[in-house]
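Topology and contacts: notes
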Amino acid sequence: VQLQASGGGLVQAGDSLRLSCAASGRTFSNYVMGWFRQAPGKEREFVAGISRSGGSTDYADSVAGRFTISRDNAKNTVFLQMNTLKPEDTAVYYCAAEVGPLWNMRYPPAVDSWGQGTQVTVSS
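Right, let's get into the pattern of salt bridges. All chains considered together, the criterion is met by 4 salt bridges. The residue Arg37 makes a salt bridge to Asp89 at a minimum N-O spacing of 2.9 Å. Of this pair, Arg37 sits in strand E4 (residues 32-38) while Asp89 sits in the loop between strand E8 (77-82) and strand E9 (91-98), placing them 52 residues apart in sequence. For the pair Arg37 and Asp89, a shared accessibility class is recorded, and that class is buried. Between Arg66 and Asp89 there is a salt bridge; the shortest N-O distance is 2.8 Å. With Arg66 in the loop between strand E6 (57-59) and strand E7 (67-72) and Asp89 in the loop between E8 and E9, this pair connects stretches of sequence that are 23 residues apart. Judged by its relative accessible area of 10%, Arg66 is buried. When salt bridges with common partners are traced through the structure, they connect Arg37, Glu45, Arg66 and Asp89 into a single cluster.

Printed below as a string of structure tokens:
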């Protein structure tokens, strides 16, 4: 499956931003979807995951309560709503797809497809 992320930008601390990731090429609803991020000099880290139906979600502790992942299987798109952004959220955000269980999305080696990344910069 091919993934195209969009929606990044420069915002101030406390602002909100919504990322989108459009999928093509395969049956979108066959994939668990997720978001990762990578800050300069750091490893890529898990942010959020969502099950094939959208009925189950998983979040990193650092974003739980502020970020919401959702998906629209009719539009082959996954979203990441980011509220109350902090400077430490600054990173390149990547969408990801994998065919295993939801808990597997936490581990980058399990990911089958990556999007190209979109930059999110939060100023203080």
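It is worth spelling out the packing of aromatic side chains at this point. Enumeration according to the criterion identifies 3 aromatic pairs in this entry. Geometrically, the ring pair formed by Phe36 and Phe46 is edge-to-face, given 5.8 Å between the ring centres and 80° between the ring planes. Residue Phe36 is found in strand E4, and its partner Phe46 is found in strand E5 (residues 45-50); the two are separated by 10 residues along the sequence. The residue whose ring lies beneath Arg44 is Tyr94, and the NZ or CZ to ring-centre distance is 3.7 Å. The lysine or arginine in question, Arg71, covers the ring of Phe28, its NZ or CZ lying 4.4 Å from the ring centre.

Within the largest apolar cluster, 38 residues are counted, with the highest numbers of intra-cluster contacts made by Trp35, Leu80, Met82 and Tyr93. Looking at this core, the elements that each hand over two or more residues are strand E1 (2-6), strand E3 (17-24), E4, E5, E7, E8, E9 and strand E11 (118-123). Take this core: its biggest share by element is 5 residues, from E9.

Calculation criteria
- Residues numbered from 1 in each chain as written.
- Predicted model: local features only at pLDDT ≥ 70, side-chain atom pairs only at ≥ 80, totals over all residues.
- Heavy atoms only, no water.
- Salt bridge = Lys/Arg side-chain N within 4 Å of Asp/Glu carboxyl O.
- Helix = DSSP H or I, 4+ residues; strand = E, 2+ residues; numbered from the N terminus.
- Buried < 20%, exposed > 50% of the residue type's maximum accessible area, 1.4 Å probe, protein only.
- Phe/Tyr/Trp six-rings, centres within 6.5 Å; stacked < 30°, edge-to-face > 60°.
- Lys NZ or Arg CZ within 6 Å of the ring centre and 35° of its normal.
- Core = buried A, V, L, I, M, F, W, Y, C linked by side-chain atoms within 4.5 Å.

Geometric descriptors of this kind do not, in isolation, establish any biological role.
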